[in-house]
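So the chains spell out like this:
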Amino acid sequence: MKRKLTLIACLATAAVIAPASASVASDRDHRHEPEATELAGGLVSPLHLAVGTNKSVLVTQDFAGKLSRVNRDKTVTNIYQAAAGFGVAGVETRGATTFFLETAGAGSPNPAELKGFLKAINPRGDVRQIADLAEHERKNNPDAGQEYGFGRDASTKCLDQAAAIADAPPARYNGALDSNAYATAVQGNTAYVADAGANAVLKVNIHSGAVSTVAVLPPRPSVLTADAAAALKAPDCANFKYGFEPVPTDVEIGPDGWLYVTSLPGGPEVPGLGARGAVFKINPWTGHTRLWVDGILSPTGLAVANTGDVYVASLFGNEILKFSAWKGHRSVFLPVPAPADVEVHGRTLYATVDAFNPTAPPPPPAEGRVIKADIR
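Below you will find a few notes about this structure. (Residues numbered from 1 in each chain as written. Predicted model: local features only at pLDDT ≥ 70, side-chain atom pairs only at ≥ 80, totals over all residues. Heavy atoms only, no water.)

1. Some details on the packing of aromatic side chains
Using the criterion set out here, one finds 9 aromatic pairs in the structure. Each ring, one from Y242 and one from F244, has its centre 4.7 Å from the other, and the planes form 55°; the classification is tilted. Residue classification places Y242 among the buried positions, given a relative accessible area of 3%. Under the relative-accessibility criterion, F244 is labelled buried at 6%. Considering the side-chain rings of F316 and F356, the 6.1 Å spacing of their centres and the 55° angle between planes classify their relative orientation as tilted. Residue F316 is located in the loop between β23 (310-314) and β24 (319-323), and its partner F356 is located in the loop between β27 (348-353) and β28 (368-374); the two are separated by 40 residues in the primary sequence. Members of the aromatic cluster, connected to one another through ring pairs, are F63, F316 and F356. Over the ring of F244 we find R276, and its NZ or CZ is 4.4 Å from the ring centre. Between R290 and the ring centre of W258, over which it is positioned, the NZ or CZ distance is 5.8 Å. (Phe/Tyr/Trp six-rings, centres within 6.5 Å; stacked < 30°, edge-to-face > 60°. Buried < 20%, exposed > 50% of the residue type's maximum accessible area, 1.4 Å probe, protein only. Helix = DSSP H or I, 4+ residues; strand = E, 2+ residues; numbered from the N terminus. Lys NZ or Arg CZ within 6 Å of the ring centre and 35° of its normal.)

Written as structure tokens, this is what we have:
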């Protein structure tokens, strides 16, 4: 088995084998569910969005390599097309400037094939490259000193078996070179980037292009049940702890100044492992990282309201969750099919839904939609 499934392969595996019962129960009151309004449809893999000027919405069609704008009249205008082989990822707007990520080669065993750039586009359509994020990974590999795999409690038999079975998870290993710049948040002269391949949150000076590492997320440990060990093809490794890679999928800046980061652990979300996604908080000045909430199924996007409430897209949980400010009490804000990203603007939540269908044959179907709903 590869060191880590690519982000989308990981999601696809989770969708196929993780039952709805794997998600942690949330409070739900159907009487108070907001009504959603569709703003656009017919989108290919709309995995990220941002609110632009004049109530427009910027949305990425990742697998199609497109950055698009949903206009006030609900028409869709494509404003950028990536070169063949590249995908467009996280998007953020500041004033008239739109920042976005462009990636290729995530998960490749050849580090030279890793491509990841932070770019900006102005209203005239002029594009400039701000930073080379994959080059930062090649030069620094932020999680190189972090160990993943079976913990020190694992038996010699388990470790030997994992080493002998081709498709078994690696017994123990350190973070390798990989980059998948996936989401971004911009504040002042700084862009923060969640790199799902590097397992790190990066900081970019949007004027100089200088890149540095804010923090590396910690491994995500799970004790393997017998069913989970068998599903991972390590059948004699039950009851041992395995540290999965943390895979950050989104980053946002909260009103407290901290970064909020969703984590989708590497590897499949098999029933024996349950819902393993989480939200971390990172102090952007010191890099101090702490777990905020846990037990989320496939969290791929989040938004932080001015109140401090956090909204999370649970892609294969088919719901948008709400976590109350500071204490993190969870509830279901809105049940929707396959939500990939959320954004809050004032008292309105925007989301992409029907964003990813792992059972559909390639090319990806144009089934994605952008919706909005009022926050009460």
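The discussion continues.
2. What to know about the state of the cysteines
On inspection of all chains with the given rule, the structure shows 1 disulfide. Paired through a disulfide, C158 and C237 show a sulfur-sulfur distance of 2.2 Å. Judged by the torsion about the S-S bond (110°), the C158/C237 disulfide is right-handed. Of this pair, C158 sits in helix α3 (residues 156-164) while C237 sits in the loop between α4 (226-231) and β17 (241-244); the two residues are 79 residues apart in sequence, bridging distant segments of the chain. Both residues of the pair, C158 and C237, belong to the buried class. (Disulfide = S-S within 2.5 Å.)

3. Considering helix α2 (residues 133-140)
For α2, the complete set of buried residues consists of L133, A134, H136 and E137. Here the buried residues of α2 occupy an arc of 155° about the axis, which is enough to place them on one side. Following α2 by one or two positions, N141 has its phi on the positive side, about 40°. (Arc of directions from axis to C-beta.)

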